[in-house]
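Commentary on secondary and tertiary structure
Chain residues, written in single-letter form:
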Amino acid sequence: MCSALWCGPAEALEVREIAHVEGAHLQSPSFSEDGTQLAWEANFHDRKVLHLYVGTPKGAGQRVEPPVRARSSFSKGFEGTGHEGVAHELAWAPRYLNAFVYSATNLEDDYDLYVGTAAIVRSPGADGGAAWSPDGGYIVFASARSGDGDLYLIDVAKIEEPPRQLTSIPRASELHATWSPDSKGLAFVAHGTSGDNLWWLPTLDGAPVQLTNAKGSQLHPRFSPDGHRIAYYANAPGSEQFSLYVMDVKPGSTPRRLLDAVIVDSHGPAWLDEVSLLAVADEDDAFDPVVRVTVAGERSNLPLDTVGNRDLAVVRTETGVRVAWCAQGQRDGLKRDFRRLYTTELSLP
Amino acid sequence: MIALFLGLALAQQSPSEADYRGHVDQARFFVRKGWYADAAAELELALADENGRLDGSAWYLLSEIRYRLGDIEGAMQAADRAHSNSRTDEELELAAGFSAWLRDQFGLVQVRTRFDGVQSAVEIELQTLILDPDLKLYLKDLGGRLAEPATLPIEFGLPVGTYRINDRDVEVRPHETTRARIPVRGAAPEALQVTELEASLGVGLWAGPAARGHLPGPAGRIGVTQPVGPWVLGLAGDWTTRPLSTPDGFRSATDLGAAFRVGVEAVRFRDAAIRAALSGRVARIAGLGLPCTGPASGVACAQGVTPTVWAYPNSLAVVPGLELSAVVLDRRRTTAIGWGVRLIGEAAVGRRPGSGSARMGPDEIPFTIDDVDQPFLLGGLRVLGTVVWAR
């Protein structure tokens, strides 16, 4: 049966719990380009430790850690390696590369970037928030090496060369970089004293263009699949409540609010197609439902039986759309201690 | 006070332990300077010590240094020793991790050409994408080292992937040795700074008034040539036997000489080189006839006399010359046999002996030569084919 917004049973979609880790909230699921692999994080709040896992949509995740070698100190020989830190912010490369990049702490509790067993960025100052361009040619990341937060670019074919600084907006830190689908440019957030606003870098050699100019926070932009729009979260100054917005990718475009009160996802809003997105509505009475909204403003809840939903990941497959998310548990479930990872399949009309 | 504590600390170590630690500290200093070969040498001294041999951290440092030097197999062996001598779980993890990384990320490649002993540059083109900056830098360093011609076969470690090595496709698999026969590259004649032994045979001729009646005859030479940078130095001993037309019929005259030469390789094309050299030779030239007259007890010789007898004394001459040679030699091999052609133009400046004795039948007849007829000048030409053995 198809509604205006999806096809499937009206009562509830089939939900599969694929992972849980004792003592940790699972978060930030992320599908590889072809949907055959799924990454997620386990957040041990009490120990301030984040573990990273990569598995399949059916589960069976394996923990991803920086290699022992990357934690060694060449000129010092044997020195302490027993170090549990943070590994997080995984970003997938396109399918043909069969790789991903992630950020993890080193011995000095500084964050470096890793690809597989290799540290690709080792520099004083935290490096993270990496995003791999859809064509595989570049990795953009945020770094505090200069003292401010700036975006840097790695040319994957010259991965041994130092990264190139892409942005240096005065009195602002640049972060939350996201690639346009054609890999020619990217959008990001400039975090300044007067607000966090969206900027657009149309080309990698060009100058950034400011897209929004608001006093609140505009966060986690994400391009629509056709690259014509950007969806993001924004709030009013001083408010903790964020809403979902969309705007055309051109300076002076007027943002449109699609959904009030959403739960912010670190990967940004999840586009289903060129005209609709999935988001988690911040509605306690409805157990924080996952909703589909269109750019025209239509909304409907997905019939999921999970509660306390967070962090959506979406990938298109041959048969439809695969969705992963984290949730506190299922409505009739007994366990609601730590957030778990769930998946389901959608068919779009 | 610090010196006192340091002295006490050193006093508590056995002399051997202090010695090997000194080498390790020196190695660490060299590592900080980037002098990896020196660091490896220091560590090998440290690890030759009976206490040093049990120091896992020294083995581990050696394994990383050998990796930096491109000696993957040596790095693996040292990492294994570091693993065996680890004292804590952390050391164990580190050594095992590095050893596993080397085994997973590298394979060994042995490249050779059709003949062993050939010198060639080895050009490595990566065909797959490598996402590890360390591996890319390793490849860059290795490529720089192999750009200089080396004597093949050689073996080196390469990150797992596919490559073109001197235009041959090579796939490198983890912890496997791949053997590849490659074409020779980067032929550099200077690369073959080896001694060439040569044997030449051809034709020689003297021309000039003093060499009247001389005909072209077989000539030979045995020499040694040593390229020194762009210069070519040589020593040779030579011989020529020429037919000589006399009033009594044909006879033969044999010259002997010793020569040196200094030259350059003027033109090079692939395995061929054209060399130009200036040479100097001291030669005994035979058969330069003079008419003589007088009784059998002693004749006097001079130009223009009506001869009753002809004398053909041996004369000493200094023979400067210009030598052009074309040599074809597989110059990328340290041992090779080649061939060539030599053209030698020379001038002999000499002086006949003032007196002597000449054999006439069974008798020796003394002769004297008028002073004015003693000096002579000859022009000479030799064309020789040469076989060269370079080693």
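What you are looking at is a predicted structure, and each value in this text was computed from that prediction instead of being measured. (Residues numbered from 1 in each chain as written. Chains lettered and ligands numbered in written order. Predicted model: local features only at pLDDT ≥ 70, side-chain atom pairs only at ≥ 80, totals over all residues. Heavy atoms only, no water.)

Turning to the overall build of chain B, a few remarks are in order. A count of helical and extended segments in chain B gives seven helices and 21 strands. Residues classed as buried in chain B amount to 45% of the 391 residues present. Relative to all contacts within chain B whose residues are 6 or more apart in sequence, the contacts with residues 24 or more apart total 66%. Looking at chain B as shown, the accessible area adds up to about 19,100 Å², and 60% of this sits on carbon and sulfur atoms. (Helix = DSSP H or I, 4+ residues; strand = E, 2+ residues; numbered from the N terminus. Buried < 20%, exposed > 50% of the residue type's maximum accessible area, 1.4 Å probe, protein only. Contact = heavy atoms within 4.5 Å. Areas by Shrake-Rupley, 256 points an atom, 1.4 Å probe, with all protein chains shown as cover.)

A tally of regular secondary structure across chain A gives zero helices and 30 strands. Within chain A, contacts between residues at least 6 apart in sequence are counted, and of these 40% link residues at least 24 apart. When the accessible surface of chain A is summed, it comes to about 14,900 Å², and 47% of that surface belongs to carbon and sulfur atoms.

All names here are of chain B. Taken in spatial order, the three strands line up as β3-β6-β7 in an open sheet, and their pairing is antiparallel. Two strands lie at the open edges of the sheet, namely β3 (124-126) and β7 (168-172), each paired on one side alone. The mean inter-strand angle of the sheet, taken between neighbouring strand axes irrespective of direction, is 30°. Relative to β7, strand β6 (residues 161-165) runs antiparallel, the two sharing five bridges. Bridge pairing links Tyr163 to Val170 in β7. Sheet strands touched by helix α7 (residues 133-146): β3 and β6. Its angle to β3, the strand with the most contacts, is close to 160°. (Pairing = 2+ DSSP bridges. Axes fitted to C-alpha atoms, helices over the stretch in contact; angles between N-to-C directions.)

Quick look at the sheet that holds strand β16 (residues 195-201) of chain A now. Residue and element names in this part refer to chain A. Strands sit in the order β14-β15-β16-β17 across an open sheet of four strands; the sheet is antiparallel. Two strands in the sheet have a free side with no partner beyond their single neighbour: β14 (172-179) and β17 (209-210). Pairing of β14 with strand β15 (residues 186-192), which is carried by six bridges, proceeds in the antiparallel orientation. In the strand pairing of β15, Ala172 is matched with Gly192.

So, about the pattern of salt bridges. Residues and elements named next belong to chain B. Scanning the model with the defined rule gives 30 salt bridges over all chains in all. Residues Arg164 and Asp169 are paired through a salt bridge, measuring 2.7 Å at the closest nitrogen-oxygen approach. By relative accessible area, Arg164 is classed as partly exposed at 25%. Here Arg221 makes a salt bridge to Glu323, at a shortest N to O gap of 3.1 Å. Linking Arg221 in strand β10 (residues 217-228) with Glu323 in strand β17 (residues 315-328), this pair joins segments that are 102 residues apart in sequence. On the accessibility criterion, Glu323 (2% relative accessible area) is buried. Here the residues in one salt-bridge network are Glu198, Arg221, Arg261, Glu323 and Arg342, joined through shared partners. (Salt bridge = Lys/Arg side-chain N within 4 Å of Asp/Glu carboxyl O.)

This part takes up the state of the cysteines. Residues and elements named next belong to chain B. Inspection of the entire model under this criterion finds one disulfide over all chains. Two residues share a disulfide in this structure: Cys292 and Cys301, whose sulfurs sit 1.8 Å from each other. The S-S bond linking Cys292 to Cys301 shows a torsion near 95°; that makes this disulfide right-handed. Each member of the pair, Cys292 together with Cys301, is buried. (Disulfide = S-S within 2.5 Å.)

Turning our attention to helix α4 (residues 56-68) of chain B. All names here are of chain B. Over its 13 residues, α4 runs 19 Å from end to end, which matches the ideal 18 Å to within 8%, given 1.5 Å per residue. Where burial is concerned, most of α4 is hidden: twelve out of the 13 residues are buried. Of the positions making up α4, those classed as buried are Gly56, Ser57, Ala58, Trp59, Tyr60, Leu61, Leu62, Ser63, Glu64, Ile65, Arg66 and Tyr67. Phi turns positive one or two residues past the end of α4, at Gly70, with a value near 85°. (Expected span 1.5 Å × (residues − 1).)

Here we come to a nonpolar patch on the surface. Residue and element names in this part refer to chain B. A surface patch of nonpolar side chains, about 630 Å² in accessible area, is lined by Val228, Trp231, Leu233, Leu235, Phe260, Val262 and Val264. For the nonpolar patch, the secondary-structure elements that each account for two or more residues are β11 (231-246) and β12 (249-269). Within the secondary structure layout, Val264 lies in strand β12. (Patch = residues over 30% accessible without salt bridge, like charges linked within 9 Å, V, L, I, M, F, W, Y side chains within 5 Å.)

Residues Tyr67, Leu102, Val111, Val122, Phe156, Leu158 and Ile165 of chain B are the most contacted members of the largest nonpolar core, which totals 49 residues. Among the elements that take part in this core, α4 of chain B stands out by supplying seven residues, more than any other. Counting residues in each nonpolar core, the second largest holds 28 residues, with Leu198, Leu211, Phe242 and Val246 of chain A among its members. (Core = buried A, V, L, I, M, F, W, Y, C linked by side-chain atoms within 4.5 Å.)

This part is about the environment of Val203 of chain B. In this structure, Val203 of chain B sits in strand β9 (residues 196-207). Beyond its immediate chain neighbours, meaning those up to four positions away, Val203 of chain B contacts Pro216, Gly217, Ala219, Leu381, Arg382, Val383 and Leu384 of chain B.

Next up on the list: the packing of helix α5 (residues 72-84) of chain B against helix α6 (residues 89-105) of chain B. Residue and element names in this part refer to chain B. At a minimum axis distance of 8 Å, the contact between α5 and α6 shows a crossing angle of 155°. Taken together, the axis directions place α5 and α6 in an arrangement best described as roughly antiparallel. With respect to the hand of their crossing, α5 and α6 are arranged in left-handed fashion. Contacts between α5 and α6 involve Ile72, Ala75, Met76, Ala79, Asp80, Ala82 and His83 on the former and, on the latter, Leu92, Ala95, Ala96, Phe98, Ser99, Leu102 and Arg103. (Parallel < 35°, antiparallel > 145°, perpendicular 65-115°, else oblique. Left-handed = near helix turned anticlockwise from the far one by under 90°.)

Residue and element names in this part refer to chain B. In this model, chain B carries an average pLDDT of 85, and 90% of its residues clear a pLDDT of 70 or more. Confidence drops under a pLDDT of 50 for residues 1-12, and excluding neighbours within four residues, the segment shows zero contacts in the predicted structure. Interface predicted TM-score (ipTM) for the complex: 0.83; the corresponding pTM is 0.69. (pLDDT = per-residue confidence, 0-100.)

Let's shift gears to the packing of α4 of chain B against α6 of chain B. All names here are of chain B. Between α4 and α6, the least distance of the axes is 11 Å, while the angle of their chain directions is 25°. By the angle between their axes, α4 is roughly parallel relative to α6. Handedness of the α4/α6 crossing: left-handed. On α6, the residues that touch Tyr60, Ser63, Glu64 and Tyr67 of α4 are Leu94, Ala95, Phe98, Trp101 and Leu102. Residues belonging to the contact of α4 with α6 are distributed by class as follows: seven nonpolar, one polar and one charged. (Nonpolar A, V, L, I, M, F, W, Y, C, P; charged D, E, K, R; others polar.)

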